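Letter by letter, the chains look like this.
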Protein chains: 4
Amino acid sequence: MSSLSIHGIIGYTITPFTSDADGIDLEALGRSIDRLIAGGVHAIAPLGSTGEGAYLSEPEWEQVTEFSLAHVDKRLPSIVSVSDLTTAKTIRRAKYAEAHGAEAVMVLPIAYWKLSEAEILQHYRAVGEQIGIPIMLYNNPATSGVDMPVELIMRIFNEVENVTMVKESTGDIQRMHKLRLLSEGHIPFYNGCNPLALEAFAAGAKGWCTAAPNLIPELNGLLYQAVLENDLNKARELFYRQLPLLDFILKGGLPATIKAGLRLTGLEAGVPRLPVSELSEAGYRQLKELLGTLR
Amino acid sequence: MSSLSIHGIIGYTITPFTSDADGIDLEALGRSIDRLIAGGVHAIAPLGSTGEGAYLSEPEWEQVTEFSLAHVDKRLPSIVSVSDLTTAKTIRRAKYAEAHGAEAVMVLPIAYWKLSEAEILQHYRAVGEQIGIPIMLYNNPATSGVDMPVELIMRIFNEVENVTMVKESTGDIQRMHKLRLLSEGHIPFYNGCNPLALEAFAAGAKGWCTAAPNLIPELNGLLYQAVLENDLNKARELFYRQLPLLDFILKGGLPATIKAGLRLTGLEAGVPRLPVSELSEAGYRQLKELLGTLR
Amino acid sequence: MSSLSIHGIIGYTITPFTSDADGIDLEALGRSIDRLIAGGVHAIAPLGSTGEGAYLSEPEWEQVTEFSLAHVDKRLPSIVSVSDLTTAKTIRRAKYAEAHGAEAVMVLPIAYWKLSEAEILQHYRAVGEQIGIPIMLYNNPATSGVDMPVELIMRIFNEVENVTMVKESTGDIQRMHKLRLLSEGHIPFYNGCNPLALEAFAAGAKGWCTAAPNLIPELNGLLYQAVLENDLNKARELFYRQLPLLDFILKGGLPATIKAGLRLTGLEAGVPRLPVSELSEAGYRQLKELLGTLR
Amino acid sequence: MSSLSIHGIIGYTITPFTSDADGIDLEALGRSIDRLIAGGVHAIAPLGSTGEGAYLSEPEWEQVTEFSLAHVDKRLPSIVSVSDLTTAKTIRRAKYAEAHGAEAVMVLPIAYWKLSEAEILQHYRAVGEQIGIPIMLYNNPATSGVDMPVELIMRIFNEVENVTMVKESTGDIQRMHKLRLLSEGHIPFYNGCNPLALEAFAAGAKGWCTAAPNLIPELNGLLYQAVLENDLNKARELFYRQLPLLDFILKGGLPATIKAGLRLTGLEAGVPRLPVSELSEAGYRQLKELLGTLR
């Protein structure tokens, strides 16, 4: 398990719906995966927030997982998001992903009822015991309602063997500092907040989980490259160049903005599921302008 | 539609699971509903937060809805929570509840991706157009991630015909003040925050949606009665008497504390679904003591 | 000390500046105090937030304190705000107020550097030891940067003999509930948040510290009277009638709105000190309309 | 005015009190300034938060300003904090600082009563019109109660000629991103949040305003040097080495921790003014250990 080394740009896939919004457009999904890989990402993350995983029925979730893993076909490592409100369903999904070839799973604890630290730890332990692949622990209070302090993350990392990576999406760089200090540099952490890409790398993040490579994979990759080359001035310049787009896709909601951007760049991937709306006309115009300066 | 008048104590049902946590214990559900009715509540609200609606599979959700409505059997009005992340599934559930005899449905917009005001309005409109029974709009940012300001609630109330009631669970009494002032007293509002029961009634709330009547229905009813009798001193005294229990069940998580309380008072209703844990032993002891002084 | 019983409507005074904003207009101050007393308030609180105490030089502060106490002349009890960043200056002011006849002082701990609970307790103890009159502990994080949890307030109340009253201005009614429960009703608490007036009385507040009686003393007094008469319906009606004005003066900033209201009702009291501006023209119009319906 | 170029490490001075806490220990102040200069800082900032400016009487403030400027004696540029609640006093202080040789002043708007954007702008304009040296606009909502959004900062920068520098202390790196993007790199910004030192430099900050050089000037300077040399790996390593101390001095309150650190390193500078307490014994031990590994 420990031999898996995820790093660099980890690209989220979208989930394209058919024009009646009722089914999955697998052909478009395949093309979007191919674009990510052609763009140079270092790993693929199906069914995360961008992939509207939370908006799918269970058969749809399985269909997308199976297809995505088969389509990536080991060209790159795949990390499948398997999060659900209940422990039982999270386990079922994790096993499904493992059985269909995922290299790792991503697990975000979700609160309807607030969870105690013991409940969160037990959740990870229960999932970990049922699978043989690594878990990327994912902290994102804005979407999940659960905020795991660094001390709890450390405890889960230490007590659950297959939790081997941490994705931090609070947007608070101090969390990464603390992770690094408390673990003496031993916990690999990944940034899940687009506008923090530069600073997360500066702080030592091993990778950047992002939907942006659906639209600007080269710029994303060059930023990572500049960091590897220890060239802060170049990294800064590359970061500020792409920041307006990173801000835009985040504020507009990733499924709506990324699907709009794919359409603008020639890949029809439909629109998000209601109540989430398609990007507005004004939004399309702004996005087109942004993409025009960057691609 | 406008002839429906929900008021007073609106009791939430729990959803008892079988001992293996895999199925629904309908017999216990029936008994818990009978207890609520015997305790004097004025309406029944199946499948709300307390009912762990978010933790059920779709077939389970339908099973609980159908059974609850049949078991209440029009002895009291029933308001079924039909909230879901997608508009399509919310509509399907609302129609299901209506078809099985619900007097009203409760709709809480839920955010994985943040929703704009236009998206929220459209969500209510889409649900409203598909059913012929009233909707209780429900605002609870702590569990749903969506906070609807009073101005938006007013707009939805004015534009969607069957939105005829508002349940406010932010715990911020100023929201109720504003609702009353802006609507000139025309929007009936209901309190969904237990420790605000006294003040919400003081501010003019028409009802109190609460899980507490599973345990202390008489005290809940007497508080409402004192308000109807315009006896503030008595209402205050009754409120402070039950407040420690109201605080306890809220802080401990309603499914865990109410199920524990039911067990302590002779109705075995199982435990919540993981990752939500059963009440701790210390919690049981504290709850037993609290109940001892109140029942 | 224990014989002092402050209750009901506690009216804040404003501090009128001369037209060049450089000095204090004592004549206007005297008239404003007389209006408060004629309006029926139960106590006078000079130099609180409304009195712009924080914006005065030390000689000005002493001048206003001495004049106010002499002018009230024991017609009603006076509670003088003596808060300052340093303990030494707070003590100096408290002694000054006592020496000039104050019945009590109000003390709000202020943070530039965040204070620990031990530091706050020590601050109250140091002030308490130097004076022989009661202290009203004042909690108002929005203006002071210090939020004292109820447990700390209890501790100070229990450990510092002359802290005998608590003024709560967080706007969170649960603080009052907790104060009442933890002290078993033994700590007299006062409400300092205008839009919470009804609920604070419902929760058992002994008084309402407010600048509103500068403008609508009768309505303020009638609300308190209705509570004393245990008439919730009447209290609710009176509260909602004055709420738009209470909201207005709070949101507009009390010194600006109260001084504007005094001018509109015939008492020229100047304008606040810069950078706080006079009420805008649109604000004057709105305030005039509000006052027209209430006086 | 535009020829002033502040950059690099800007060191805050402390204000040492005499042993009875009643007066200023000018001799110790002089020695602490000499240490900062010997340590290699690029500018001196007297009377900021660390300097307990808010806790001084007006004569004390003037005494410290005059002495500090005379003692620096143009060896480095001096930026004097002149912030006060009222505009009038802020102007008086700014003129005093200019008259005694300050190269620039730092202005933080302070709220007792919340300030509108127009009031804040007018405050800066009024100060700017009265002096002929540059103003460093300072945003620090945690201590001042005023949070200036980037758009307002831009407006002030554009409309008030001598506002030529911005110090950002929210700790939110996105503010710096936005400043840079909106100003197209034309507004020089400075970081005032110690644990953000690395990321602020990564984002393009021109300097770091910090009390840390009172204790570890070499490490602070080396971090800046690494950034100038475009060596991200070295900057990261240097940052993490000093981060535990940076966290410690911030969380413990700068006046208390810095004065303790000075004492531990041979410069007796007394203790803070009450209610702010001296560092605890446990704190001294922890600080001694931290300093032992860094000096």
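This one's a predicted model, so the numbers in the text were calculated from it and none came from an experiment.

1. Quick word on the sheet that holds strand 2 (residues 43-45) of chain A
Residues and elements named next belong to chain A.
- Taken together, 8 strands build an open sheet; the order of strands is 2-1-8-7-6-5-4-3 and the sheet is parallel. Sheet topology places strand 2 and strand 3 (79-81) at the edges, where each strand pairs with a single neighbour. Direction aside, the axes of adjacent strands within the sheet are offset by 30° on average.
- Contacts from helix 7 (residues 173-182) reach strand 5 (135-139), strand 6 (163-168) and strand 7 (189-191), with the element oriented near 170° to strand 7.

2. Some words on the arrangement of the chains
- Between chain A and chain C there is no contact, and the shortest C-alpha to C-alpha distance separating them is 20 Å.
- Between chain B and chain D there is no contact, and the shortest C-alpha to C-alpha distance separating them is 20 Å.

3. Some remarks on the pattern of salt bridges
Residue and element names in this part refer to chain A.
- The tally for this structure, following the rule as stated, stands at 64 salt bridges over all chains.
- Measuring nitrogen to oxygen at the nearest pair gives 3.3 Å for the salt bridge that ties R155 to E159. A residue pair is termed a helical-turn pair when its members lie 3 or 4 positions apart in one helix, as R155 and E159 do in helix 6 (residues 150-159) at 4 residues.
- You can call R155 partly exposed: its relative accessible area is 38%.
- Each member of the salt-bridge network shares a partner with another, and the members are E58, D84, K89 and R93.

4. Thoughts on the relation of the copies chain A and chain B
- When chain A is fitted onto chain B, the two copies agree to an RMSD of 0.0 Å after a turn of 180° and an axial shift of 0.0 Å. On this basis, the relationship between the two copies can be described by a two-fold rotation axis. Scanning chain A for the C-alpha nearest the rotation axis identifies G145 of chain A, at a separation of 3.7 Å.

5. Description of the pairing of strand 1 (residues 8-12) of chain B
Residues and elements named next belong to chain B.
- The buried fraction of strand 1 is high, at 5 of 5 residues.
- Here strand 1 runs beside strand 8 (residues 207-210); their pairing, made up of 4 bridges, is parallel. Among the inter-strand pairings, I9 is bridged to a residue of strand 8, identified as W208.
- Where strand 1 and strand 2 (residues 43-45) come together, 3 bridges link them in parallel fashion.

6. A closer look at the environment of D172 of chain C
Residues and elements named next belong to chain C.
- Here D172 shows up in the loop between strand 6 (163-168) and helix 7 (173-182).
- Between the C-alpha atom of D172 and that of A45, which follows or precedes it by 127 residues, the distance is 22 Å.
- There is a polar contact of 2.9 Å between the side chain of D172 and the backbone nitrogen of Q174.

7. A word on the pairing of strand 8 of chain B
Residues and elements named next belong to chain B.
- Alternating residues of strand 8 divide into G207 and C209 and W208 and T210, and every residue in both groups is buried.
- Across 2 bridges, strand 7 (residues 189-191) lies against strand 8 in parallel orientation. Bridge assignment links Y190 to a residue of strand 8, and that residue is G207.
- On the question of chirality, the crossover connecting strand 7 to the parallel strand 8 by way of helix 8 (residues 197-202) is right-handed.

8. Focus: the interface of chain A and chain B
- With 23 residues of chain A at the contact, the number on the chain B side is 23 residues.
- With both chains or domains summed, chain A and chain B bury close to 2,500 Å², and 66% of this area falls on carbon and sulfur atoms.
- Across the chain A-chain B interface, the total number found is 0 salt bridges.
- Looking at the side of chain A that touches chain B residue by residue, the class counts come to 13 nonpolar, 8 polar and 2 charged.

9. So, the side chain of D84 of chain C
All names here are of chain C.
- Along the polypeptide, D84 turns up in the loop between strand 3 (79-81) and helix 3 (87-99).
- At 2.9 Å, the side chain of D84 and the backbone nitrogen of T86 are in polar contact.
- Not counting residues within four places of it along the chain, the set of residues in contact with D84 comprises K89, T90, R93, I110 and H123.

Definitions and limits used
- Residues numbered from 1 in each chain as written.
- Chains lettered and ligands numbered in written order.
- Predicted model: local features only at pLDDT ≥ 70, side-chain atom pairs only at ≥ 80, totals over all residues.
- Heavy atoms only, no water.
- Pairing = 2+ DSSP bridges.
- Helix = DSSP H or I, 4+ residues; strand = E, 2+ residues; numbered from the N terminus.
- Axes fitted to C-alpha atoms, helices over the stretch in contact; angles between N-to-C directions.
- Contact = heavy atoms within 4.5 Å.
- Salt bridge = Lys/Arg side-chain N within 4 Å of Asp/Glu carboxyl O.
- Buried < 20%, exposed > 50% of the residue type's maximum accessible area, 1.4 Å probe, protein only.
- Least-squares fit on C-alpha atoms with pLDDT ≥ 70 in both.
- Polar contact = N/O pair within 3.5 Å; in protein donor to acceptor, adjacent residues only side chain to side chain.
- Right-handed = clockwise from strand over helix to strand, strands pointing away.
- Buried area = accessible area lost by both parts, 1.4 Å probe.
- Nonpolar A, V, L, I, M, F, W, Y, C, P; charged D, E, K, R; others polar.

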